[in-house]
Amino acid sequence: MIDELDSLGRMQSKCMKCDAKYIAESSHGTGNMLRHIRSCKGKVYRDIGQMILQSNASGAVENRPSTFKFDEFREILALAIARHNLPLQFVEYEGIRAVFSYLCPEVKHVSRRTIKNDIMKIHAKEKTKLDELLKRAPGRIAITSDCWSSITTDGYISLTAHFIEKNWRLGKRVLAFSFIPPPHTGAALAEKMTCLLKQWGIEKRIASITLDNASSNDSMVETLKYDLDLVSNGDYFHVRCCAHILNLIVQEGLKEIDDAVLKVRECVKYCKGSQGRKQKFLQCVQHVSLESSRGLRQDVPTRWNSTYMMLDSALFYKKALLHMKATDANFVHCPNSDEWNRIEKICKFLSVFHEVTLAFSGTKYPTSNLYFPNVLKVRLLLKEHMGSADRFLKTMATKMNEKFEKYWSDFSTIMAIAVVFDPRYKLQVVEWAYKKVYEQTADFELELFKNKLFSLYNEYASSTPTSTTKHDENVRNAPAIVDQASDSYMEVIYTLKVLFFFNLI
């Protein structure tokens with residue numbers, strides 16, 4: 001405690017833990033201090049014995065009575081039920097109530113209806129906080145959506161918002177996970193989406209929507225364009241999910257599986273077929289001095305990257321599998337040396353798609369600027385392997401290229417714009433890539449891209465309130481600013497502004 005005088009000249013004390021002040025005149029005795037110590041929020045017990053024990057009036061040691069805040073207890077309990085997906089009846093279980101009573105005999109037990117109301121109150125409070133957060137977000141909001149069917153075939157639609165917070169942090173919030181009755185046509189989905197956006201009051205602030213490649217989503221987007229206030233008349237509104245397209249491309253290539261891949265699959269099935277075989281495989285792993293913690297991976301038909309991980313794990317345990325072949329007469333599916341070479345080539349080929357998928361699937365960093373270089377990498381890889389001497393790789397690359405051309409025959413303009421504002425790439429990378437891909441028509445395509453870039457920039461810049469003449473001059477000279485690509489202060493400032501308006505960082 002620190003003693004000092006208040007404005008009336010009275011002695012007062014200031015708590016060194018929580019900075020609370022109270023009158024400390026001698027006429028008041030020590031009552032104020034004792035009352036404050038009991039309720040001090042900054043009080044910390046450093047001795048566990050002193051925390052749980054105290055002396056009573058007769059001098060005997062007894063448990064220290066803790067301060068139990070029933071309202072906080074109910075809120076924590078409601079959050080736990082929601083977080084861990086517990087039934088509302090959880091609070092009425094006799095065993096749980098016995099635990100609560102043991103921890104605090106004065107606890108007031110609540111019913112499932114009461115805890116349901118508590119959860120709804122918490123939801124309303126958090127929804128209000130999110131609504132304020134969205135209102136304070138200075139830029140436009142990008143949304144992602146997907147549909148899902150439950151085990152009872154009920155349809156649900158999810159809606160997630162991606163935006164830049166006021167403090168320049170990348171924000172992501174789930175706005176809705178709502179039941180949607182059949183039919184799931186484009187018109188029905190558009191009506192539901194519009195309703196959800198209006199509930200949050202953001203229907204005039206949408207930048208783009210990212211969806212998978214279902215045909216109903218295409219018709220939904222066309223309907224939404226008439227109901228929303230979009231940039232450039234909605235030319236950049238619809239963004240196809242890159243990870244989903246990549247999955248379709250690789251799935252197309254894996255429809256015809258090489259015999260070597262089938263052998264690896266049978267090897268994994270054999271080694272995992274019984275407990276005895278698992279033990280024998282682990283003995284082989286120890287014999288060749290490999291780590292056993294990694295383990296063999298079994299692939300599944302619905303996930304192409306599981307096939308890659310199966311081949312990758314088989315290559316890691318190649319020596320162990322060869323040793324098992326030499327010691328187990330029933331192990332007849334082990335690939336020969338030529339097949340192992342093919343497996344290594346296939347695995348190396350698929351590893352590029354695996355890395356790109358991981359890059360696209362990131363959730364804690366922006367991914368729009370990763371589209372252009374990664375799609376270019378995939379395009380050049382397919383072009384290279386379409387002329388491969390390996391028959392299987394050539395067939396796989398040809399099939400995958402057909403699917404690639406269906407979705408990515410032309411670069412996405414908005415994604416190419418994103419890479420321009422990445423200081424690692426800028427406009428030079430787009431110029432180099434267009435010449436590499438479009439060859440004879442590269443100059444025409446590049447000029448078309450630049451016109452769209454400058455048009456989009458000027459549309460954002462003209463709608464930004466400003467009082468500086470210098471800013472207006474730079475808006476008029478936007479093409480020159482981008483072409484110069486210098487490290488000047490003004491370029492950095494205006495590049496950051498564009499990134500901010502595009503919601504790209």
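Here, the structure is the one placed above.
Below: a short report on this structure. Please read all numbers here as calculations on a predicted model, not as lab measurements.

Quick look at the nonpolar core
Soluble, globular proteins show a tendency: their nonpolar side chains are buried together. By size, the foremost hydrophobic cluster in this structure holds 77 residues, and its most contacted members are Phe349, Leu350, Phe353, Trp408 and Phe449. With 10 residues, helix H13 (residues 337–360) is the largest single contributor of residues to this core. In contact with phenylalanine 353, other than residues within four places in its own chain, are Leu246, Val250, Trp304, Val378, Leu381, Leu382 and Met400. Counting 29 residues, the second largest nonpolar core, distinct from the first, contains Ile141, Leu159, Leu189 and Ile206.

A short note on the packing of H13 against helix H15 (residues 391–408)
At a minimum axis separation of 10 Å, H13 and H15 run at an interaxial angle of 25°. The pairing of H13 with H15 is recorded here as roughly parallel in orientation. In this structure, H13 crosses over H15, and the sense of that crossing is left-handed. Only Phe392, Leu393, Met396, Ala397, Met400 and Trp408 of H15 make contact with H13, whose side of the interface consists of Lys345, Ile346, Phe349, Leu350, Phe353 and Phe360. Each residue belonging to the contact of H13 with H15 can be placed in one class, and the counts come to 11 nonpolar, no polar and 1 charged.

So, the side chain of arginine 140
Secondary-structure assignment places arginine 140 in the loop between helix H5 (112–136) and strand S6 (141–149). Aspartate 229 provides the closest opposite charge to the buried, salt-bridge-free arginine 140, at an N-O distance of 4.3 Å. Within polar-contact distance, the side chain of arginine 140 engages the backbone oxygen of aspartate 229 at 3.0 Å.

Quick look at the pairing of strand S9 (residues 206–211)
Counting buried positions over the 6 residues of S9 gives 5, a clear majority of the element. As paired strands, S6 and S9 are joined by 4 bridges and run parallel to one another. Residue isoleucine 141 lies in a different strand from S9, and its bridge partner there is isoleucine 206. Bridge count for S9 against strand S10 (residues 238–240) is 3 bridges, and the pairing is parallel.

Focus on the environment of aspartate 218
Structurally, the position occupied by aspartate 218 is in helix H7 (residues 215–224). Take aspartate 218: its relative accessible area is 27%, and that puts it in the partly exposed class. Among residues more than four places away in sequence, those in contact with aspartate 218 are His238 and Arg240.

Quick word on the sheet that holds S6
Within a beta sheet, neighbouring strands are joined by backbone hydrogen bonds and run either parallel or antiparallel to one another. With mixed pairing, 5 strands are arranged side by side in an open sheet as S8-S7-S6-S9-S10. Single-partner strands in this sheet number two, and they are strand S8 (170–179) and S10. Across the sheet, the mean angle from the axis of one strand to that of its neighbour is 25°, orientation sign disregarded. Relative to S8, H5 is tilted by about 130°, and along the sheet it contacts S6, strand S7 (155–164) and S8. Strand contacts of H7: S9 and S10, with the helix running at about 165° to S9, the strand carrying the most contacts.

Cut-offs applied
- Residues numbered from 1 in each chain as written.
- Predicted model: local features only at pLDDT ≥ 70, side-chain atom pairs only at ≥ 80, totals over all residues.
- Heavy atoms only, no water.
- Core = buried A, V, L, I, M, F, W, Y, C linked by side-chain atoms within 4.5 Å.
- Buried < 20%, exposed > 50% of the residue type's maximum accessible area, 1.4 Å probe, protein only.
- Helix = DSSP H or I, 4+ residues; strand = E, 2+ residues; numbered from the N terminus.
- Contact = heavy atoms within 4.5 Å.
- Axes fitted to C-alpha atoms, helices over the stretch in contact; angles between N-to-C directions.
- Parallel < 35°, antiparallel > 145°, perpendicular 65-115°, else oblique.
- Left-handed = near helix turned anticlockwise from the far one by under 90°.
- Nonpolar A, V, L, I, M, F, W, Y, C, P; charged D, E, K, R; others polar.
- Lys, Arg positive; Asp, Glu negative; His and termini not counted.
- Salt bridge = Lys/Arg side-chain N within 4 Å of Asp/Glu carboxyl O.
- Polar contact = N/O pair within 3.5 Å; in protein donor to acceptor, adjacent residues only side chain to side chain.
- Pairing = 2+ DSSP bridges.

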